[in-house]
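Letter by letter, the chains look like this.
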Amino acid sequence: MAQRFGGKYSPDPQRRGDGDEARRARQNAQPVATGGPEGPHRFDGKRPIRKGARVNFFFFIALTPLIPAFSGGPEALFPGLGATGLLLLSAWLTREGTRAHQEYDDRRIARRPAIPRKIFGAVLTGAALALAASISQPGLLPLAFGAVGGILHLAAFGPDPLRDKGAEGIDSFQTDRVARAVDEAERLVAGMKDAILRANDRALESRVDRFADTARAMFRTIEADPRDLTSARKYLSVYLAGARDATVKFADFYAQSRDSKARAEYEALLADLETNFASRTRALIEDNRTDLDVEIGVLRERLQREG
């Protein structure tokens, strides 16, 4: 269903029928105190997908083998269609690999992708170009086209991360525990964002995005100090799982009923969750500061005794 776009500076259709007197009264009216600044914008902290324009252009280029497939003879049809399919699959793998690489770079502790999508995309690109070149080029020349195409793909999009990323001084067991816990928490947050789309309400989508940003602030804090995982595990599992389940049920119900009371209760739930996650994150940061002060104090005391 289509939705009207609106914002702070968008015209209000309900005021179109007002006369000059009503407009003058609104202009002369004193602003009403709102108790604080406006809430964060839904795009605050968001970044565009790295190399997104290249990936989108890649999807367009993937259709070019259709030209020789339908303009050549019967022997060119299947190689052209096969090359198009391989290029489209390569473009999709490259897009997913680019997103995974950006998430890997944004996190302090992360495991390498289980599937090197961009590398597989480069291999498929080379195979597609070799297949397309075989339509008109004889011998080993198509293989040369394929090799050059794969190398150019890696040069344009880069390879996938091939090793795990962890903090210095943290054993691999702790790093793996944090990575698994954060991965599961990210899946729960993604489930919330996917479920709220069924409600078909941009304001609610923005509200869930704000809570997701608050939850991810806790994720980054735990990644900075994996010792915080024990005290915050219920937030990453129990609370997020409950929020995801509540979002799924609310979205299905609200999409059919448009019940304002249910919407208010759901928004109150998000507000409580956001407040608790933010306060817990501040507590974790303060605990880390306390540990730092203790370490500094002990070291300075030793230096003073020995000096």
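Please read all numbers here as calculations on a predicted model, not as lab measurements.

Describing the overall build of the protein chain
- Of the regular secondary structure elements, the protein chain holds 10 helices and 0 strands.
- Sequence-distant contacts, at least 24 apart, represent 77% of the contacts inside the protein chain between residues at least 6 apart.
- Accessible area for the protein chain stands at about 19400 Å²; split by element, carbon and sulfur atoms hold 58% of it.

Focus on the packing of helix H2 (residues 52–61) against helix H4 (residues 77–106)
- Running from amino to carboxyl end, H2 crosses H4 at an angle of 170°, the nearest separation of the two axes being 9 Å. The angle between the axes of H2 and H4 places the two elements in the roughly antiparallel class. Contact residues: H2 offers Val-55, Phe-58, Phe-59 and Ile-61, while H4 offers Leu-87, Leu-88, Ser-90, Ala-91, Trp-92, Thr-94, Arg-95 and Thr-98.

Quick notes on the packing of H2 against helix H6 (residues 141–157)
- One way to put it is that H2 packs onto H6 with a least axis distance of 10 Å and a crossing angle of 150°. In terms of their interaxial angle, H2 and H6 are classed as roughly antiparallel. Contacts from Arg-54, Val-55 and Phe-58 in H2 reach His-153, Ala-156 and Phe-157 in H6.
- In the contact of H2 with H6, the residues fall into 4 nonpolar, 1 polar and 1 charged.

With respect to the environment of Ser-90
- Within the secondary structure, Ser-90 sits in helix H4.
- The class for Ser-90 is buried, based on a relative accessible area of 0%.
- Look past the residues within four positions of Ser-90 in its chain and what remains in contact with it is Phe-58, Gly-121, Ala-122, Leu-124, Thr-125 and His-153.
- Side chain to side chain, Ser-90 and Thr-125 meet in a polar contact 2.7 Å long.

What about the environment of Arg-220?
- Here Arg-220 shows up in helix H8 (residues 202–224).
- By relative accessible area, which is 22% here, Arg-220 ends up partly exposed.
- The spatial distance from the C-alpha of Arg-220 to the C-alpha of Thr-281 is 9.6 Å, given a sequence separation of 61 residues.
- When sequence neighbours within four positions are dropped, the list of residues in contact with Arg-220 reads Asp-106, Arg-107, Arg-108, Val-182 and Glu-186.

Looking at the UniProt feature "transmembrane region" (unreviewed entry) in the protein chain
- Mapped onto this structure's residue numbering, the UniProt feature "transmembrane region" (unreviewed entry) falls at residues 52–70, 76–94 and 115–133.
- Within the segment residues 52–70, helix and strand shares are 79% and 0% respectively, and the terminal C-alpha atoms sit 30 Å apart.
- Annotated as residues 115–133, this span is 89% helix and 0% strand, and its ends, taken at the C-alpha atoms, are 28 Å apart.

The rules behind each value
Residues numbered from 1 in each chain as written. Predicted model: local features only at pLDDT ≥ 70, side-chain atom pairs only at ≥ 80, totals over all residues. Heavy atoms only, no water. Helix = DSSP H or I, 4+ residues; strand = E, 2+ residues; numbered from the N terminus. Contact = heavy atoms within 4.5 Å. Areas by Shrake-Rupley, 256 points an atom, 1.4 Å probe, with all protein chains shown as cover. Axes fitted to C-alpha atoms, helices over the stretch in contact; angles between N-to-C directions. Parallel < 35°, antiparallel > 145°, perpendicular 65-115°, else oblique. Nonpolar A, V, L, I, M, F, W, Y, C, P; charged D, E, K, R; others polar. Buried < 20%, exposed > 50% of the residue type's maximum accessible area, 1.4 Å probe, protein only. Polar contact = N/O pair within 3.5 Å; in protein donor to acceptor, adjacent residues only side chain to side chain. UniProt positions renumbered as here; feature names shortened; annotations may be inferred.

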